[in-house]
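Here is how the chains run, residue by residue.
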Amino acid sequence: MSPDTLVIEEAGPCDAVALARLINLAYRVEDFFKAADRTSLDEVRELLERETFLVAREADGSIVGCVRVAAEPPEGHFGMLAVDPEAQGTGLGWRLVAAAEARARRAGCSRMSLEVASPRAELPAYYARLGYRVTGAKPWPAEALHELKAPAHFIVMSKSLGDDPAEERDG
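Per chain, residue numbering runs from 1 following the sequence as it is written. Per-residue local features are limited, in this predicted model, to residues with pLDDT of at least 70; the limit for side-chain atom pairs, both in listing and counting, is 80 or more; totals at the level of whole chains, interfaces and linings are taken over all residues. Water and hydrogen atoms play no part in the side-chain values, which are based on all heavy atoms of the structure.

Student: Please give an account of the side chain of Glu-51 that cites residues and values.
Tutor: Mapped onto the elements, Glu-51 comes out in the loop between α2 (41-50) and β2 (52-57). When its relative accessible area of 19% is taken as the criterion, Glu-51 is described as buried. Within 3.5 Å is the distance limit for a polar contact, defined as a pair of N or O atoms, with the added protein rule that one can donate a hydrogen and the other accept it, and that residues adjacent in sequence qualify only through two side-chain atoms. A distance of 2.7 Å separates a polar atom in the side chain of Glu-51 from a polar atom in the side chain of Arg-68. By definition in these notes, contact holds between two residues if any of their heavy atoms fall within 4.5 Å. Here Glu-51 is in contact with Arg-68, Val-69 and Ala-70, once residues within four sequence places are set aside. Every helix listed is a DSSP run of H or I at least four residues long, and every strand listed is a run of E at least two residues long, numbered separately from the N terminus. Burial here depends on accessible area, computed with a 1.4 Å probe over protein chains only, as a share of the maximum for the residue type. Under 20% is buried, over 50% is exposed, and the range in between is partly exposed.

As structure tokens, then:
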């Protein structure tokens, strides 16, 4: 797998199973604080009806990365950034974020936001390298507290879409 040969495109309903599998595989790193899968097939299908998933697809059609994007001007939002563990560290996550930002810009958004789980201490620094700054916090949803093995909340990060370090990095 070479990230340069991947095509980033919009997912379709037929990709729901592959998306759920990839997201849950990539989010296994959260098992230290969370006792449940990141998503379900039903959730992915519901999200595909109202939001967009961008996928990184290999020539054989397999999906090795994805990001969920919602664009409601003036602000866009992305989440569920997932890269197959074998493709992590290749810059694919940065490319997917850049694609999500470009999608939001085209939809008329001037800001982009995301939320990261507080126990994932490495993520704020990762997104800071892409120009995101911490702008707040949100509690873990009450209906999902039973999934937690340890206390957690969400760190909200955002940036102006006038800044674009992700695209600059990919050159």
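Picking up where we left off.
Student: How would you explain the pairing of strand β3 (residues 63-72) if you had to name every residue and give the values?
Tutor: Consecutive side chains along a regular strand alternate between the two faces of the sheet. With eight of ten residues buried, β3 is to be regarded as a mostly interior element. Strands are labelled as partners when DSSP assigns at least two bridges between them. Relative to β3, β2 runs antiparallel, the two being bridged by six bridges. Pairing of Leu-54 across the sheet is with Val-67, part of β3. Joining the antiparallel neighbours β2 and β3 is a turn of five residues, in which Gly-61 adopts a positive phi near 95°. As paired elements, β3 and strand β4 (residues 75-83) share seven bridges and run antiparallel to each other. Paired with Arg-68 across the strands is Gly-79, a residue of β4. Counted along the chain from β3 to the antiparallel partner β4, the turn is two residues long.

Student: Describe the layout of surface pockets, listing the residues and the values that go with them.
Tutor: By volume, the largest pocket is sized at about 1,100 Å³. Around the largest pocket, the lining is made up of 44 residues, and of these Tyr-27, Glu-30, Arg-38, Met-80 and Leu-81 lie nearest the centre. The element that contributes the greatest number of residues to the lining of the largest pocket is β4, accounting for seven residues. Each residue belonging to the lining of the largest pocket can be placed in one class, and the counts come to 22 nonpolar, seven polar and 15 charged. Definitions used throughout: a 1 Å grid over protein atoms alone; a cavity as a set of points that fits a 1.4 Å probe which cannot get out; a pocket as an open set with protein on both sides within 12 Å along at least five of seven lines; a lining residue as one with an atom within 4 Å of a point. Grid points are joined across faces, edges and corners, and a volume is the space filled by probe spheres set on the points. Classification convention: Asp, Glu, Lys, Arg as charged; Ala, Val, Leu, Ile, Met, Phe, Trp, Tyr, Cys, Pro as nonpolar; all other residues, Gly among them, as polar.

Student: Give me helix α3 (residues 92-106): which residues, what numbers.
Tutor: A helix is expected to reach a length of 1.5 Å times the quantity of its residues less one. With 15 residues, α3 should reach 21 Å at 1.5 Å per residue; the first-to-last C-alpha distance of 21 Å fits that figure. For α3, the tally of buried residues reaches eleven of 15 residues, placing the bulk of the element in the interior. Turning to α3, its buried residues number three or more, namely Leu-92, Gly-93, Trp-94, Leu-96, Val-97, Ala-98, Ala-99, Ala-100, Glu-101, Ala-102 and Ala-104. In the segment just after α3, Gly-108 is the residue with positive phi, at about 95°.

Student: Requested: an account of empty space enclosed by the protein, with residues and values cited.
Tutor: With the rule as written, the count across this model stands at one cavity of 30 Å³ or more. Its boundaries defined by the atoms lining it, the largest cavity holds a volume of some 40 Å³. Every residue along the wall of the largest cavity is listed here: Asn-24, Tyr-27, Arg-28, Glu-30, Asp-31, Lys-34, Ala-36, Asp-37 and Arg-38. Residue composition of the lining of the largest cavity, grouped by class: two nonpolar, one polar and six charged.

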